[in-house]
Amino acid sequence: MVAALFAFGAAAAGGFHFDDYGLLGDSVITSADGWWRAWLPLQTRPLTWFTFWANFAVSGSDPLLWHVANVGLHCACVLAAYSALRRVIGTPAAWIAAALFAVHPVATEPVAYVAARGTLLATLFCLLSLGAWLRGRPSTAVALFAAALLAKEECAAFPLFLAALHASTVGFRRVGLKDVRWREFAPIGCMLLLSLAAGLRVIWASHYLPGSGVAASSGITPASYFWTQGVVILRYLRMLIIPLAFSPDPEIAVRGPAAGMLAWACVLAAAVLAATRFQKARAGFWFLGALILLLPSSSIFPAADLAADRRLYLPLVAFAACAGVLLAHLDRRIIAALLFGFALISIRQSLVWRTEESLWTEAVRLAPNKIRPRLQLARALPWHRAVAVIEDAKRIAPNDPDLASEEGRIHLSAGRPELALNAFGRALALRPNDPKALNNRGAALFALDQREAAKADFEAALRGDPCQADARRNLRAMGFDDLQKYPWPASCNPATGSNAR
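Each value, and the rule that gives it
Residues numbered from 1 in each chain as written. Predicted model: local features only at pLDDT ≥ 70, side-chain atom pairs only at ≥ 80, totals over all residues. Heavy atoms only, no water. Helix = DSSP H or I, 4+ residues; strand = E, 2+ residues; numbered from the N terminus. Rg over C-alpha atoms; globule rule 2.2 N^0.38 Å. Contact = heavy atoms within 4.5 Å. Areas by Shrake-Rupley, 256 points an atom, 1.4 Å probe, with all protein chains shown as cover. Lys, Arg positive; Asp, Glu negative; His and termini not counted. Charge placed at Lys NZ, Arg CZ, Asp CG, Glu CD. Salt bridge = Lys/Arg side-chain N within 4 Å of Asp/Glu carboxyl O. Buried < 20%, exposed > 50% of the residue type's maximum accessible area, 1.4 Å probe, protein only. Axes fitted to C-alpha atoms, helices over the stretch in contact; angles between N-to-C directions. Parallel < 35°, antiparallel > 145°, perpendicular 65-115°, else oblique. Nonpolar A, V, L, I, M, F, W, Y, C, P; charged D, E, K, R; others polar. Patch = residues over 30% accessible without salt bridge, like charges linked within 9 Å, V, L, I, M, F, W, Y side chains within 5 Å. Expected span 1.5 Å × (residues − 1). Polar contact = N/O pair within 3.5 Å; in protein donor to acceptor, adjacent residues only side chain to side chain. Left-handed = near helix turned anticlockwise from the far one by under 90°.

1. Concerning the overall build of the protein
Here is step 1 of the chain: A tally of helices and strands in the protein yields 25 helices and zero strands.
Here is step 2 of the chain: Computed over its C-alpha atoms, the radius of gyration of the protein comes to 24 Å, within 12% of the 23 Å expected for a compact globule of 501 residues.
Here is step 3 of the chain: Restricting to contacts in the protein with at least 6 residues of sequence separation, those with at least 24 account for 70%.
Here is step 4 of the chain: When the accessible area of the protein is evaluated, it comes to approximately 22400 Å², of which 64% is carbon and sulfur surface.
Here is step 5 of the chain: Here the protein carries 48 positive and 34 negative side-chain charges, and the mean point of each set is 11 Å from the other.

2. Things to note about unusual backbone geometry
Here is step 1 of the chain: A positive phi angle, near 50 degrees, is found at F18, a position not held by glycine.
Here is step 2 of the chain: Note that F18 resides in the loop between α1 (2–8) and α2 (20–24).
Here is step 3 of the chain: Even without being glycine, K280 reaches a positive phi, approximately 60 degrees.

3. Focus: the pattern of salt bridges
Think of it this way: side chains of opposite charge can pair up when their charged atoms draw near.
Here is step 1 of the chain: Counted by the stated rule, this structure contains 23 salt bridges.
Here is step 2 of the chain: Between D309 and R235 there is a salt bridge, with its nearest N and O atoms 3.4 Å apart. Residue D309 is found in the loop between α15 (283–294) and α16 (313–327), and its partner R235 is found in helix α13 (residues 222–241); the two are separated by 74 residues along the sequence.
Here is step 3 of the chain: For D309, a relative accessible area of 3% corresponds to the buried category.
Here is step 4 of the chain: Its salt-bridge partner being R431, residue D402 comes within 3.2 Å of it at the nearest N-O pair. Placement of D402 in helix α21 (residues 401–413) and of R431 in the loop between α22 (417–430) and α23 (435–447) is noted, with a sequence separation of 29 residues between them.
Here is step 5 of the chain: Among the ionic contacts, a cluster of salt bridges with common partners joins D249, D305, K370 and R372.

4. Overview of the packing of helix α5 (residues 46–59) against helix α10 (residues 138–151)
Packed helices, taken two at a time, are described by the angle between their axes plus the distance between the axes.
Here is step 1 of the chain: In contact at an axis separation of 5 Å, α5 and α10 are set at 70 degrees when each is read in the N-to-C sense. As summarised for this structure, α5 and α10 are arranged roughly perpendicular, according to the angle between their axes. Residues P46, L47 and T48 of α5 form the contact with α10, whose own contacting residues are A147, L150 and A151.
Here is step 2 of the chain: Considering only residue class, the contact of α5 with α10 consists of five nonpolar, one polar and no charged.

5. Re the environment of G34
Here is step 1 of the chain: The residue G34 is located in helix α4 (residues 34–37) in this model.
Here is step 2 of the chain: With a relative accessible area of 0%, G34 lands in the buried category.
Here is step 3 of the chain: When sequence neighbours within four positions are dropped, the list of residues in contact with G34 reads V28 and W53.

6. Quick word on a nonpolar patch on the surface
Here is step 1 of the chain: Side chains of V58, L64, L65 and V68 sit close together on the surface and give an oily, nonpolar patch of about 340 Å² of accessible area.
Here is step 2 of the chain: No other element matches the three residues that helix α6 (residues 63–89) contributes to the nonpolar patch.
Here is step 3 of the chain: Within the secondary structure, V58 sits in helix α5.
Here is step 4 of the chain: For V58, a relative accessible area of 65% corresponds to the exposed category.

7. Quick look at helix α24 (residues 451–464)
Here is step 1 of the chain: The end-to-end C-alpha distance of α24 is 20 Å, a good match for the 20 Å that 14 residues give at a rise of 1.5 Å each.
Here is step 2 of the chain: Of the positions making up α24, those classed as buried are A454, D457, F458, E459, A460, A461 and L462.
Here is step 3 of the chain: The secondary structure elements touched by the buried residues of α24 are α23 and α25 (469–477).

8. Description of α21
Because an α-helix packs 3.6 residues into every turn, residues spaced three or four apart end up facing the same way.
Here is step 1 of the chain: The terminal C-alpha atoms of α21 lie 18 Å apart, and with 13 residues this matches the ideal 18 Å at 1.5 Å per residue to within 8%.
Here is step 2 of the chain: If you check which residues of α21 are buried, you get P401, L403, A404, S405, E406, E407, G408, I410 and H411.
Here is step 3 of the chain: Structurally, the start of α21 carries an N-cap: the backbone nitrogen of D402 is 2.8 Å from a side-chain oxygen of D400.
Here is step 4 of the chain: G415 lies just past α21 and shows a positive phi near 80 degrees.

9. So, the packing of α6 against helix α7 (residues 91–103)
Here is step 1 of the chain: As a packed pair, α6 and α7 sit with axes 8 Å apart at the nearest point and diverge in direction by 155 degrees. As the angle between them shows, α6 and α7 are arranged roughly antiparallel. α7 is crossed by α6, and the crossing has right-handed handedness. Seen from α6, the contacting residues are H74, C77, V78, A81, Y82, L85, R86 and I89; seen from α7, they are T91, A93, A94, W95, A97, A98, F101 and A102.
Here is step 2 of the chain: Here the contact of α6 with α7 is composed, by residue class, of 13 nonpolar, two polar and one charged.

10. Points about the side chain of E109
Here is step 1 of the chain: With respect to the helices, strands and loops of the structure, E109 is situated in helix α8 (residues 108–112).
Here is step 2 of the chain: Residue classification places E109 among the buried positions, given a relative accessible area of 4%.
Here is step 3 of the chain: Of note is the side chain of E109, whose polar atom sits 2.3 Å from the side chain of R310.
Here is step 4 of the chain: Contacts of E109, omitting those with residues within four sequence positions, involve A116, S247, P248, D309, R310 and W353.

11. Points about the side chain of R117
Here is step 1 of the chain: With respect to the helices and strands, R117 occurs in helix α9 (residues 117–134).
Here is step 2 of the chain: Buried R117, no salt bridge; nearest opposite-charge side chain is D20, N-O distance 8.6 Å.
Here is step 3 of the chain: Only 2.6 Å separates the side chain of R117 from the side chain of N55, close enough to count as a polar contact.

In structure tokens form, the structure reads like this:
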């Protein structure tokens with residue numbers, strides 16, 4: 001735990017980033033009755049949202065305690081990892097594994113990014129479930145895994161990991177099929193049913209919550225996602241050994257079958273080699289176990305973000321155990337030097353995550369041809385510097401409507417509605433009838449005191465998207481309180497937001 005605090009303590013002094021601001025505008029989190037609304041059917045990751053509600057109730061929008069909670073959860077994960085692993089691989093190897101897990105730079109994003117708390121919670125409950133399983137308490141293990149799924153569904157492959165652990169340590173060959181004690185496998189079967197239910201719930205929720213970035217809302221087919229994930233997994237493996245070039249928004253291109261098959265062939269070759277060291281929880285099992293834990297996020301279930309460093313956090317436990325087994329007989333001074341080097345990189349990464357400007361400046365450096373990091377950097381800078389960032393981005397993607405919208409937002413916030421109107425008009429021309437673009441142009445028209453034109457745009461935005469909270473709020477600001485002809489759909493989350501996005 002001391003090592004974890006040394007590596008990531010600086011993250012507690014960081015600010016909010018990216019989706020964190022959406023948390024502060026989520027009515028489930030900010031309302032007094034959010035403690036039970038977090039558990040409504042359409043609320044994804046209810047346990048995580050409940051902790052966000054508790055954080056807001058205690059500290060409001062002050063980021064300190066939000067980050068302290070994340071750092072504390074990481075320390076708890078380290079302790080739970082050591083407690084569980086020493087029962088399988090012994091104290092020396094478990095010590096190395098827990099220390100590596102504590103300081104590895106892969107953990108930076110889950111620890112420093114408040115919105116990634118679900119990853120920390122899911123990992124903690126999976127590790128507690130593993131510990132309960134190893135102590136012969138399968139019912140407790142099932143309950144703890146259910147809590148992990150309520151935190152984040154990406155841990156859905158954990159039951160397969162437990163089954164592989166059983167095969168490695170106990171084996172299936174010692175008894176005939178008729179002699180199998182099915183009661184021993186019932187808990188894993190129950191966990192698999194819970195995983196299936198969680199997956200179906202994600203698909204169902206994504207259907208009612210457009211823009212969720214998963215399944216049909218991801219913008220990528222399962223086949224393309226699968227081929228790309230072979231390359232992504234190789235990137236993850238490189239980052240584990242050479243922990244450099246971490247980014248909150250890595251530049252990953254969609255790959256076709258040729259590149260995908262080659263990458264997956266390399267992954268399969270590594271898996272086959274690991275299988276030769278599978279029995280008795282040797283290093284090969286832990287490598288294969290880590291790949292199993294990656295399955296939900298790096299297989300065929302598509303997500304808008306092709307890669308995210310935080311997805312490695314739970315698999316990192318198994319990768320660290322693999323390293324612990326391999327390095328258990330190495331000179332402790334060499335191990336200490338390795339851990340110290342990783343900790344220094346983690347400190348550096350934690351400092352990168354301190355401010356929006358430092359974070360997105362690093363992201364732009366690592367992904368110079370990607371637009372989203374430049375958009376985020378522009379939002380972190382004073383308006384005159386932000387305009388320069390947008391102008392530079394327009395050289396890469398001159399017809400990107402998001403760049404035009406961001407340029408308009410900058411001008412509007414700087415008190416220059418005429419320039420904002422031009423930029424928003426260009427965004428609307430590039431993305432006709434888009435509800436957000438209509439709302440943005442309406443905001444500029446309202447600032448220019450063109451009330452009727454602004455009202456027309458806000459109403460058009462609501463016709464296109466009844467969940468457009470900004471347009472609804474802008475109409476109320478103009479004095480139009482009668483919005484009954486635009487009823488608020490039950491599936492909408494009435495979160496607050498800016499006028500121009």
